[in-house]
Amino acid sequence: MRPIKFVDLAAQNAEVRDDIERELAQIHSQCAYVGGAAVEAFEREFADFLGVRHAIGVGSGTDALRLALMAAGLGPGDQVITTPMTFIATAAAIQQSGARPVFVDVDPETGNLSPRGLRRYLERRANGTARLPRAIVPVHLYGLPAAMNEIGAIAREFGLKVIEDACQAHGASWRGPSGETVMAGTQGLAGCFSFYPGKNLGAWGEAGAVVTNDDQLAERVRLLRDHGRISHYAHREFGYNARLDAIQAAVLRAKLRRLGEWNERRRKVARLYRKLLGSTCLSLSAEPEGMVSANHLFVVRTPARDLLREALVRNEIQCGIHYPVPLHLQPACRELRHSPGDFPVSETMADTVLSLPMHPHLTDTEVGRVAQVVRDALGGYRELLAGGLRQMATSSPLPPRRR
Ligand SMILES: Cc1ncc(COP(=O)(O)O)c(C=O)c1O
């Protein structure tokens, strides 16, 4: 049997190769490799796709987050809230902007920032003497939008800026307070995207974008991504080299044209997984009313995670764990002085999550095979548990504890 891939970039490339080669020929003829027409065209098309005024191409999702935070005026002395259940880059970008990351735990149903936890944290802080955090970076984890209507309302109440980490959520959306569709990345002051190759919209290398409706923020991100440049040899401030290159823009333009169709296929794959696995003891992440996930990852949760993973690997089915260690327990975050138990929901998630293959070229037969292996492995686990319980019931009682 053929192995089942976790993501299938070769299948994507086969679909877009002709378009990309035409674009590349153009780039080579103009020798415009950094910035230039291809980058500007992609920025316009991505902004139109999201319905925002500005999309600014940058070198990666991490650059997008760092530059958006800096352009929003965050820096040394500021605190920025996010969750510990995300990729390290979310907290790294906050730290690199000069601010300090502050964690609030996630909602057990969705894995996204808990609005209840956020409010509790802010109310407690508002009663103290220390300064309140100045911003929130909600993460749309696995492609599922965070509870942005509630988070937006809390942010307004406490005067916090919102910078969305939409690095996993290209094309996700939710129903806004007046029933309107809001695209992930467009509600906050800025939204940040990664185009790392495995994302729903992926480049052939590193790439990212900041999107915003705020003209001033857009201008500042443009300065920061290009050495603070205002003309060829005039620099208003020290900036960074965080530009998007033309080859990545060409790839992204070709893939953006297919993103809607690819996301639709991901939705069908997710629906099929839910149908085939809905009656098992696995926890499947909730998709709250009004939310449209980008289904970047299909993550299941079970205490039998390691056993399940072994069964998948044995059957040549690739899988992943996103993420095995919550950020507050990462060595990189040691200065934040957290301990196990500080964010129990994130810790339980880290111990139980498993990402199944998810990409737009997965066939129904492949999804069926993954589901069958999962169901068989869970059957084995139930037997193991039942055997253990029987043994406990029939074995002699434990000797009394010594005092
Ligand atoms: C949630 C999240 N934030 C930030 C990033 C950083 O993006 P990049 O790898 O493009 O720097 C990623 C990428 O994996 C991500 O998944």
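No experiment lies behind these values; they were computed from the predicted model shown.

Rules behind the numbers
- All residue numbers refer to position in the chain's written sequence, counted from 1.
- The predicted origin of the model limits local features to residues at a pLDDT of at least 70 and limits the giving and counting of side-chain atom pairs to 80 or more, whereas totals for whole chains, interfaces and linings rest on all residues.
- In computing side-chain properties, one takes all heavy atoms of the structure into account and sets aside hydrogens as well as water.
- Whether two strands pair comes down to DSSP finding at least two bridges between them.
- Numbering goes from the N terminus for both helices and strands, where a helix is a DSSP run of H or I of at least four residues and a strand is a run of E of at least two.
- Either an automatic procedure or a domain database provided the assignment from which the domain bounds are taken.
- Residue contacts are counted whenever heavy atoms from the two residues lie within 4.5 Å of one another.
- Accessible surface is computed with a 1.4 Å probe, and the buried area is the amount of it that two parts give up when combined, taken over both parts together.
- Any carboxyl oxygen of Asp or Glu within 4 Å of a side-chain nitrogen of Lys or Arg constitutes a salt bridge here.
- Under this definition, polar contacts are N or O atom pairs within 3.5 Å; protein pairs additionally need one hydrogen-donor-capable and one acceptor-capable atom, and for neighbouring residues in sequence, both atoms have to be side-chain atoms.
- Note on residue categories: nonpolar means Ala, Val, Leu, Ile, Met, Phe, Trp, Tyr, Cys or Pro, charged means Asp, Glu, Lys or Arg, and polar means any other residue, Gly included.
- Side-chain atoms within 4.5 Å are what join buried Ala, Val, Leu, Ile, Met, Phe, Trp, Tyr and Cys residues into a set we call a nonpolar core.
- Using a 1.4 Å probe on the protein chains alone, a residue whose accessible area is under 20% of its type maximum counts as buried, one over 50% counts as exposed, and one in between counts as partly exposed.
- Put simply, a residue is near a molecule or strand once any heavy atom of it comes within 4 Å of that molecule or strand.
- Method for areas: the Shrake-Rupley scheme with a 1.4 Å probe, in which residue coverage is limited to the protein chains shown.
- Cavities and pockets were defined on a 1 Å grid built from protein atoms only: a cavity is a group of points that admits a 1.4 Å probe but offers it no way out, a pocket is an open group of points flanked by protein on both sides within 12 Å along at least five of seven lines, and a lining residue is one with an atom within 4 Å of any such point.
- Think of it this way: if more than half of a molecule's atoms are within 2 Å of a pocket's grid points, that molecule is in the pocket or cavity.

A. Spatial organisation of the sheet that holds strand β2 (residues 79-82). Ordered by their spatial adjacency, seven strands build an open sheet running β1-β9-β8-β5-β4-β2-β3, and the pairing between neighbours is mixed. Each edge of the open sheet is held by one strand with a lone partner, namely β1 (54-58) and β3 (100-103). Where strand β5 (residues 161-165) and strand β8 (residues 190-194) come together, three bridges link them in parallel fashion. In the strand pairing of β8, Ile 163 is matched with Ala 190.

B. Summary view of the domain arrangement of the chain. Split by domain assignment, the chain resolves into domain 1 (9-257) and domain 2 (259-387). The C-alpha centroid of domain 2 is placed 25 Å from the C-alpha centroid of domain 1. Counting residues at the interface gives 45 residues for domain 1, matched by 39 residues for domain 2. A per-residue breakdown of the area domain 1 buries against domain 2 is headed by Phe 103, Tyr 142 and Asn 200, which together make up 22% of the total. Here domain 1 is connected to domain 2 by one salt bridge. Of the charged contacts in the structure, one is a salt bridge between Glu 289 and Arg 175, with a shortest N-O distance of 3.3 Å. Along the contact surface separating domain 1 from domain 2 lie 22 residue pairs in polar contact (both at pLDDT 80 or more). Elements with a contribution of two residues or more to the side of domain 1 that touches domain 2: α1 (9-30), α4 (88-96), β3, β6 (173-175) and α8 (246-277). With four residues, α1 is the single largest residue contributor to the side of domain 1 that touches domain 2. The residue makeup of the side of domain 1 that touches domain 2, split by class, is 24 nonpolar, twelve polar and nine charged.

C. How the structure looks around the side chain of Arg 266. Tracing the chain through its elements places Arg 266 in helix α8. The residues touching Arg 266, leaving out its near neighbours within four places in the chain, are Lys 199, Asn 200, Ala 294, Asn 295, His 296, Met 358, His 359 and Pro 360.

D. Here's a closer look at the sheet that holds strand β12 (residues 283-284). Spatially, the three strands line up as an open sheet ordered β12-β14-β15, and their pairing is antiparallel. Strands at the two margins of the open sheet, each flanked by one partner only, are β12 and β15 (353-356). Two strands pair when backbone bridges link them, and strand β14 (residues 298-301) and β15 are joined in this way by four bridges, in the antiparallel orientation. Opposite Phe 298, over in β15, you have Leu 356 as the bridge partner.

E. Quick peek at the nonpolar core. If you look at the biggest cluster of nonpolar residues, it comprises 55 residues, and the most contacted ones within it are Phe 42, Phe 46 and Phe 195. Those elements that provide at least two residues to this core are α1, α2 (37-50), α5 (115-126), α6 (148-158), β7 (181-183), β9 (208-212) and α8. In terms of residue count, the dominant contributor to this core is α8 (nine residues). Other than its neighbours up to four places away in sequence, Phe 195 contacts Phe 42, Phe 46, His 170, Leu 201, Gly 202, Ala 203, Gly 205, Ala 207, Gly 208, Ala 209 and Leu 252. Listed in part, the 36 residues of the second largest apolar core include Val 353, Met 358, Val 367 and Ala 371.

F. Fine view of the pairing of β14. Across the two faces of β14 the burial is the same, with Phe 298 and Val 300 and Val 299 and Arg 301 all buried. Pairing analysis gives two bridges linking β12 to β14, with the strands arranged antiparallel. The residue bridging Leu 284 from the neighbouring strand is Val 300, located in β14.

G. View of the site of the ligand. Near the ligand lie 15 residues; those nearest to it are Gly 61, Thr 62, Asp 165, Ser 194 and Lys 199. A distance of 2.9 Å separates an oxygen atom of the ligand from a polar atom in the side chain of Gln 168. Out of a free accessible area of 390 Å², the ligand has 92% covered by protein chains. Under a 2 Å grid-point criterion requiring more than half of the atoms, the pocket assigned to the ligand is the largest pocket. Counting residues per element, the ones that place at least two in the shell around the ligand are α3 (61-71) and α4. A class-by-class count of the residues in the shell around the ligand yields six nonpolar, seven polar and two charged.

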